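Each chain is listed here by its residues.
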Amino acid sequence: MDKIILITGATSGFGKAMAEKFAAAGWNCIITGRRKDRLDMLSKELQAAYKIKTLALVFDVQNRDAVFSSLENLPDEWKNIDVLVNNAGLALGRDSFENANLDDWDTMMDTNVKGMMYVTKAVLPYMTARKKGHIINMGSVAGKEVYKDGNGYCASKYAVDALSKSMRIDLLPHRIKVTAIQPGAAETEFAIVRFKGDASKAKQVYDGYTPLHAEDIADIAFYCANLPEHVCINDLVVTCTSQADAIYFHK
Ligand code: NDP
Ligand code: 8X3
């Protein structure tokens, strides 16, 4: 097995679960994030458990120069990236439009939208050269429907949805697959980040029902990435059984 996956935001949640899932199947993993200690620990665990190769790259996806200097000149053995998962992202705050924090808006746009664009642009030359590749973008149900006080985050995920559609069209001649996975509520560090460390507020998000687990999304990404060459899942909305869309839950 010589397959290579590059996962952004692999220090936690979906990204970490995907690294574990693909590594367990023998894929070599490029894992990225800002928290070096977590990347180093994950690298060691994956190498020891699955005898695969890992490359840990520490950068902030908001930093254009850092993205390109980290990804532009990968060692030869890491250039043949089969799958890129644009997963790094976050929500910050849940406030009505007039009360929302401008810095939170900037960070969400810079991370979820521009960060994804930079990473994709930096990785694409490896895929276009081979006329082969698969880009999996982590959208959200928040990119399909707007909910109250979701303003900046919803806008960022609508943009991710638009970018997935746009990539799918533009990259058609290069035979590059583009899959958008649009999850509903999943219990990761997402809500803790959104509520800026307020663990009890974060916990309330998942009270009264069973949310998705990170491993559910990893399983789905793995399925999408292992379909035959001529098959591409374009757009996949996935929620837990207690959630109908971005707004309606049964608790
Ligand atoms: P987590 O908070 O558990 O993980 C987020 C990951 O993104 C971390 O590895 C973090 O790494 C990385 N990240 C955040 N900001 C940056 C940055 N500026 N540069 C580099 N890496 C960054 O959340 P999830 O796993 O839940 O979220 C993953 C993706 O899934 C996000 O795009 C999120 O919007 C989306 N999503 C989440 C849902 C949920 O309910 N959990 C539902 C729908 C979509 P580090 O801090 O080390 O940089
Ligand atoms: C994360 C899911 O419902 O908090 O994208 O927006 S939600």
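Residues numbered from 1 in each chain as written. Chains lettered and ligands numbered in written order. Predicted model: local features only at pLDDT ≥ 70, side-chain atom pairs only at ≥ 80, totals over all residues. Heavy atoms only, no water.

A few points about the overall build of the protein
Point 1. The helix and strand tally for the protein stands at eight helices and seven strands.
Point 2. Compactness check: the protein gives a C-alpha radius of gyration of 17 Å against a globular reference of 18 Å for 251 residues, within 12% of the reference.
Point 3. For the protein, the spread of C-alpha atoms along the principal axes amounts to about 50 × 40 × 35 Å.
Point 4. Counting across all 251 residues of the protein, residues that qualify as buried make up 50%. (Helix = DSSP H or I, 4+ residues; strand = E, 2+ residues; numbered from the N terminus. Rg over C-alpha atoms; globule rule 2.2 N^0.38 Å. Buried < 20%, exposed > 50% of the residue type's maximum accessible area, 1.4 Å probe, protein only.)

A closer look at the layout of surface pockets
Point 1. Considering only enclosed or pocket space, the second largest pocket measures out at about 220 Å³ in volume.
Point 2. In terms of lining, the second largest pocket is formed by 14 residues, of which the most central are Leu172, Arg175, Ile176, Lys177 and Cys232.
Point 3. Here the lining of the second largest pocket gets three residues from one element, more than from any other, and that element is strand S6 (residues 176–183).
Point 4. Of the residues belonging to the lining of the second largest pocket, the class tally is six nonpolar, two polar and six charged. (1 Å grid on protein atoms, 1.4 Å probe; cavity = no way out; pocket = protein on both sides within 12 Å on 5 of 7 lines; lining within 4 Å. Points joined across faces, edges and corners; volume = space filled by probe spheres on them. Nonpolar A, V, L, I, M, F, W, Y, C, P; charged D, E, K, R; others polar.)

Description of empty space enclosed by the protein
Point 1. In total, this model carries three cavities of 30 Å³ or more according to the counting rule given.
Point 2. There is about 60 Å³ of room inside the largest cavity.
Point 3. Together, 15 residues line the largest cavity, and Leu92, Gly93, Ala100, Met108 and Asn151 are the ones closest to its centre.
Point 4. At the level of elements, helix H4 (102–130) and helix H5 (151–170) are the ones that each hand at least two residues to the lining of the largest cavity.
Point 5. Here the lining of the largest cavity is composed, by residue class, of five nonpolar, five polar and five charged.
Point 6. Reported here for the second largest cavity is a volume of approximately 40 Å³.

Side note on the pairing of strand S2 (residues 28–33)
Point 1. Of all six residues that make up S2, six are buried, and the element is covered over most of its length.
Point 2. Along S2, one buried face is formed by Asn28, Ile30 and Thr32 and the opposite face, lined by Cys29, Ile31 and Gly33, is buried too.
Point 3. Of the strand pairs in this sheet, strand S1 (residues 4–7) and S2 are connected by four bridges, and their pairing is parallel. By the bridge assignment, Ile7 is partnered in S2 with Ile31.
Point 4. Assessed by its sense of winding, the connection that carries the chain from S1 through helix H1 (residues 13–24) to S2 is right-handed.
Point 5. Looking at chain direction, S2 and strand S3 (residues 54–58) are connected through five bridges and run parallel. For Ile30, the partnering residue across the bridge sits in S3 and is Leu55. (Pairing = 2+ DSSP bridges. Right-handed = clockwise from strand over helix to strand, strands pointing away.)

A short note on the site of ligand 1
Point 1. Residues in close proximity to ligand 1 total 29 residues, the closest being Thr11, Ser12, Arg34, Tyr153 and Thr188.
Point 2. At 3.0 Å from an oxygen atom of ligand 1 is found a main-chain nitrogen or oxygen belonging to Gly9.
Point 3. Ala186 has a polar backbone atom sitting 2.9 Å from an oxygen atom of ligand 1.
Point 4. For ligand 1, whose unbound accessible area comes to 880 Å², protein coverage reaches 96%.
Point 5. Looking at the shell around ligand 1, its residues break down into eleven nonpolar, 13 polar and five charged. (Near = heavy atom within 4 Å. Polar contact = N/O pair within 3.5 Å; in protein donor to acceptor, adjacent residues only side chain to side chain. Areas by Shrake-Rupley, 256 points an atom, 1.4 Å probe, with all protein chains shown as cover.)

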